Amino acid sequence: MARTYRSNKELLLMEIVKLEIETDQSVIEQVIQVHQNRLPRLPVPSLADTGLKYLDTVEPLVLPFQYQVAQENVRDFIEGQGKELYEKLLLRNQTEPYSWLETWWNEKAYFEYRERLPINVSFQMEFPDCSEDTRGEDRGAHLIFLILLFRDRLESGEIEPEVISGNQNCMNAYTKFFNACRIPKYGKDYTVC
């Protein structure tokens, strides 16, 4: 019996036909949520530590007299307006569902940022490379096919939480990886899921 050969394009078309029925986004959210609730909250750095880190960063970039001015500014900030802002940050940490930073990050790094997101901001996916003699359209079809396979694994709960240096990573971004669309708008974009 002869074996049927299917090109990447044919496999891609078969996969797209399978996906014509909309995926239930809540399935992905439930799978991610199981692991998400076990993560520790992103810590709020102390005001003093933040001031020291700022000074460590600035010192090699400025002249000694400028560094003295920076030290005075940091001290004034920590003793003055910094206390009030830090209290607001601590309050925000209690009211945000996952992290005090998440909403700000999404707004500033994604929705208000005007550079190319896939290159400058977004996370990446790695797949095995095609052979060098593969044509561009076959390579593109193969990439889309692999992304769809990843989507199937994500929806079925097969994707394990990412662990780096023994620490589980936040995977909340995966809830928007598929079935979401960024809509351009003047000033700040928004998503539709």
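Structure: above.
All figures in this text were calculated on a predicted structure; none of them were measured in a lab.

What counts, and at which threshold
- Per-chain numbering applies: the sequence of each chain, read as written, is numbered from 1 onward.
- For this predicted model, a pLDDT threshold of at least 70 governs which residues receive local features, and a threshold of 80 or more governs which side-chain atom pairs are given and counted, while totals over whole chains, interfaces and linings are taken from all residues.
- Think of the side-chain values as coming from all heavy atoms in the structure, minus any hydrogens and water.
- A patch consists of residues whose relative accessible area exceeds 30% and which take part in no salt bridge; residues with like charges are grouped when within 9 Å of each other, and nonpolar side chains (Val, Leu, Ile, Met, Phe, Trp, Tyr) when within 5 Å.
- Using the Shrake-Rupley algorithm and a 1.4 Å probe, accessible areas are obtained, with residue cover drawn only from the displayed protein chains.
- By definition here, a salt bridge exists when the distance from a side-chain nitrogen of Lys or Arg to a carboxyl oxygen of Asp or Glu is within 4 Å.
- Secondary structure elements follow DSSP: runs of H or I of four or more residues count as helices, runs of E of two or more count as strands, with numbering from the N terminus.
- The contact criterion used throughout is that any non-hydrogen atoms of two residues lie within 4.5 Å.
- Aromatic rings from Phe, Tyr and Trp, with only the six-membered ring used for Trp, were paired whenever their centres fell within 6.5 Å, and each pair was classed as stacked if the ring planes differed by under 30 degrees, edge-to-face if by over 60, and tilted otherwise.
- Residue burial is assigned from relative accessible area. The probe radius is 1.4 Å, only protein chains are included, and a residue is buried under 20% of its type maximum, exposed over 50%, and partly exposed in between.
- In this scheme, the term charge over a ring applies when either NZ of a lysine or CZ of an arginine sits within 6 Å of the ring centre and within 35 degrees of the ring normal.

(A) Structural detail: a nonpolar patch on the surface. Residues Leu42, Leu101, Trp104 and Trp105 make up a contiguous nonpolar surface patch of about 370 Å² in total accessible area. Counting through the fold element by element, Leu42 comes out in the loop between α2 (25-36) and α3 (47-58).

(B) Fine view of the side chain of Arg92. You can see Arg92 is positioned in helix α5 (residues 81-95). In contact with Arg92, other than residues within four places in its own chain, are Trp100, Thr103 and Trp104.

(C) Structural detail: the packing of aromatic side chains. Throughout the structure, instances matching the rule amount to one aromatic pair. Plain terms: the ring middles of Trp100 and Trp104 are 6.4 Å apart, the flat faces sit at 75° to each other, and that makes the pair edge-to-face. You can call Trp100 buried: its relative accessible area is 13%. Sitting over the ring of Trp104, Arg92 keeps its end group 3.8 Å from the ring centre.

(D) Structural view of the environment of Ile78. Relative to the elements of secondary structure, Ile78 occurs in helix α4 (residues 64-79). A residue is classified by how much of its surface remains accessible, and Ile78, at 25% relative accessible area, is partly exposed. Measuring from C-alpha to C-alpha, the distance between Ile78 and Leu47 comes to 6.8 Å, with 31 residues separating the pair along the chain. Beyond its immediate stretch of four places on either side in the chain, Ile78 contacts Leu47, Ala48, Gly51 and Lys83.

So, to be careful, I would describe these as geometric facts and stop short of saying anything about function.
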